[in-house]
Amino acid sequence: MDSQLSGGFLKHTLYPPSNFIPSSITLSNGVNVSHNAIGVVEITPPMADKAIVISSGIHGDETAPIELVDDLVSSVLDEAFVPTSRLLFIIAHPDAIHAHTRFIEENLNRLFAGINPQRNKECEMANELQAQVQSFFEKGSEEPWHFDLHSAIRASQHYMFGVVPASSKATDIRPLVNFLKASHMDAVMFSRTPSSTFSWFSAEKFGALAATFEMGRVARLYENNMDEFVPLRDALVALMCGKALPEPSAVKSFSIYKVTRTITKTDAAFNLAFSDDAANFTYFVEGAQLAEENGTLYSAIAGGEAVVFPNSKVAIGQRAALLVQPFEPDLSKPLYVNVERDPGPVAFS
């Protein structure tokens, strides 16, 4: 174990031995560290109240999350803090990290809906990661959490934001919203339809408090300004150690959105009515044209809509954009993002 991770979790993930063998060690503070697979480290304290997955590298060019996960694992190994939660740290897709690209053959973050045929590396990896997460959550009955960390490929009106997946589980997500505020995120948006993302997998299959985090912009490895993410790191450490979360930012506002629609590309003729590099959360007034495909027009609905993750170049059958509107939930009551309810305020209260 010492020799495997002595150079760091990320270094071992990017340059693994040809004969990797799972191994484990117990630190002097009683915390067990298990190196389950290349890019997968499990932390088990003597007593735990939560089970938290923190994943990165699902897209290989989104490097700030990778550096953050590497730092957190090093801090555990150095005994800089003692977690009171079981932890599963993931740095995925070393091939894409080396190539500084989102994926090699297929978008990994669309492959978490079940076992995939092994047609490429991404399918094999998704199958392995689903198995690792399932094994991790099924080992205990602690409260399940999953933060899937990403970086945006475009500018954004909100530099850091979370996306909470919709699931059929009745999970009150108010603790997750509180965490987002404590980590000084700028915004969160609530989905309304099932997806096949990594965070959705944990929410749907295990009722986890799960979200995809967008941490700033894509950059080369070790060219990120990690000072930008200190509040997120502090909040993660507090959560992992069972301590009070930091106070929300006194100077940053926190916006909540709900997804109104998903625009799916169904034909090569699909076109957005605005530039592909439009910033996330760009707002369009009611009636403004958003996209066109074989004569079908998409226009902003009453009240206007903001666009998130627009990309006309996605594969046919994949999401080309999310459309959202501001939302003000009553946080004094349980808050659900549940696909079995009708759209509208009732779906989130």
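Residues numbered from 1 in each chain as written. Predicted model: local features only at pLDDT ≥ 70, side-chain atom pairs only at ≥ 80, totals over all residues. Heavy atoms only, no water.

Caption draft 1: Region of the structure containing the UniProt feature "domain: AstE/AspA barrel-sandwich hybrid" (unreviewed entry) in the protein. Per the UniProt record, "domain: AstE/AspA barrel-sandwich hybrid" (unreviewed entry) is annotated on residues 253-326. Helix makes up 0% of residues 253-326 and strand 49%, whereas the separation of the span's terminal C-alpha atoms amounts to 13 Å. (UniProt positions renumbered as here; feature names shortened; annotations may be inferred. Helix = DSSP H or I, 4+ residues; strand = E, 2+ residues; numbered from the N terminus.)

Caption draft 2: Spatial organisation of the domain arrangement of the protein. As assigned here, the protein comprises domain 1 (3-240) and domain 2 (260-326). The straight-line distance from the C-alpha centre of domain 1 to that of domain 2 is 29 Å. Each partner contributes residues to the interface: domain 1 has 14 residues there, and domain 2 has 18 residues. For the pair domain 1 and domain 2, the summed buried surface comes to about 1200 Å²; carbon and sulfur atoms form 56% of the total. Contact with domain 2 buries surface across domain 1, with R110, R154 and M189 losing the most and accounting together for 47% of the total. Taken together, the connections running from domain 1 to domain 2 amount to 0 salt bridges. (Domains from an automatic or database assignment. Contact = heavy atoms within 4.5 Å. Buried area = accessible area lost by both parts, 1.4 Å probe. Salt bridge = Lys/Arg side-chain N within 4 Å of Asp/Glu carboxyl O.)

Caption draft 3: Main features of helix α3 (residues 63-77). The end-to-end C-alpha separation of α3 is 21 Å, in line with the 21 Å expected for 15 residues at 1.5 Å each. Across the 15 residues of α3, 12 count as buried, placing the element largely inside the fold. For α3, the full list of buried residues reads T63, A64, P65, I66, E67, L68, V69, D70, L72, V73, S75 and V76. Downstream of α3 by one or two residues, E79 has phi in the positive range, about 60°. (Expected span 1.5 Å × (residues − 1). Buried < 20%, exposed > 50% of the residue type's maximum accessible area, 1.4 Å probe, protein only.)

Caption draft 4: Quick look at the environment of I115. Of note, I115 is situated in the loop between α4 (94-99) and α5 (121-138). The exposure class of I115 is exposed, given its relative accessible area of 73%. Spatially, the C-alpha atoms of I115 and E128 are 9.2 Å apart, while their sequence positions differ by 13 residues. For I115, the residues in contact, after removing those within four places along its chain, are N127 and Q130.

Caption draft 5: Region of interest: the UniProt feature "binding site: Zn(2+)" (unreviewed entry) in the protein. According to UniProt, the "binding site: Zn(2+)" (unreviewed entry) feature falls on H59, E62 and H150. Over a stretch of 92 residues, the named residues converge on one spot in the fold, their C-alpha atoms separated by at most 7.3 Å. Relative to the helices and strands, E62 is located in the loop between β4 (50-56) and α3. The class for E62 is buried, based on a relative accessible area of 2%. Here the side chain of E62 touches H59 through a polar contact of 3.1 Å, side chain to side chain. In this structure, H150 sits in strand β6 (residues 143-152). On the basis of relative accessibility, which here comes to 2%, the residue H150 falls in the buried class. If sequence neighbours within four positions are ignored, H150 has contacts with I58, H59, E62, P65, N109, T212, F213, E214 and M215. Here the side chain of H150 touches H59 through a polar contact of 3.4 Å, side chain to side chain. (Polar contact = N/O pair within 3.5 Å; in protein donor to acceptor, adjacent residues only side chain to side chain.)

Caption draft 6: Looking closely at the pattern of salt bridges. Enumeration over the complete set of coordinates arrives at 12 salt bridges. Residues K50 and D49 are paired through a salt bridge, measuring 3.9 Å at the closest nitrogen-oxygen approach. Here K50 falls in the buried class, since its relative accessible area comes to 15%. Where K121 meets D95, a salt bridge forms, and the shortest distance between an N and an O atom there is 3.0 Å. Taken as a pair, K121 in helix α5 and D95 in helix α4 lie far apart in primary sequence, 26 residues in all. Taken together, the salt bridges that share partners define one network made up of E42, R86, K139 and E142.

Caption draft 7: Seen up close, the sheet that holds strand β14 (residues 296-299). Spatially, β11-β13-β14 is the arrangement adopted by the 3 strands of the open sheet, whose pairing is antiparallel. At either end of the open sheet lies a strand with only one pairing partner, and these are β11 (271-272) and β14. Looking at chain direction, β11 and strand β13 (residues 289-293) are connected through 2 bridges and run antiparallel. In the strand pairing of β13, N271 is matched with E292. (Pairing = 2+ DSSP bridges.)

Caption draft 8: Highlighting the nonpolar core. One finds I54, F89, F147, F190 and M240 to be the most contacted residues of the largest nonpolar core, which totals 53 residues. Among the elements that make up this core, the one with the highest residue count is α3 (7 residues). Beyond its immediate stretch of four places on either side in the chain, I54 contacts V69, L72, L88, F89, I90, F147, L149, L236 and M240. Core analysis: the second largest hydrophobic core is formed by 25 residues, V53, A92, L111 and A210 among them. (Core = buried A, V, L, I, M, F, W, Y, C linked by side-chain atoms within 4.5 Å.)

Caption draft 9: Local environment of the pairing of strand β3 (residues 40-44). Of all 5 residues in β3, 4 are buried, a share of seventy percent or more. Across 5 bridges, the pairing between strand β2 (residues 32-37) and β3 is antiparallel. Bridged to A37 within β3 is V40. The hairpin formed by β2 and β3 contains 2 residues between the paired strands, and G39 there has a positive phi angle of roughly 85°.

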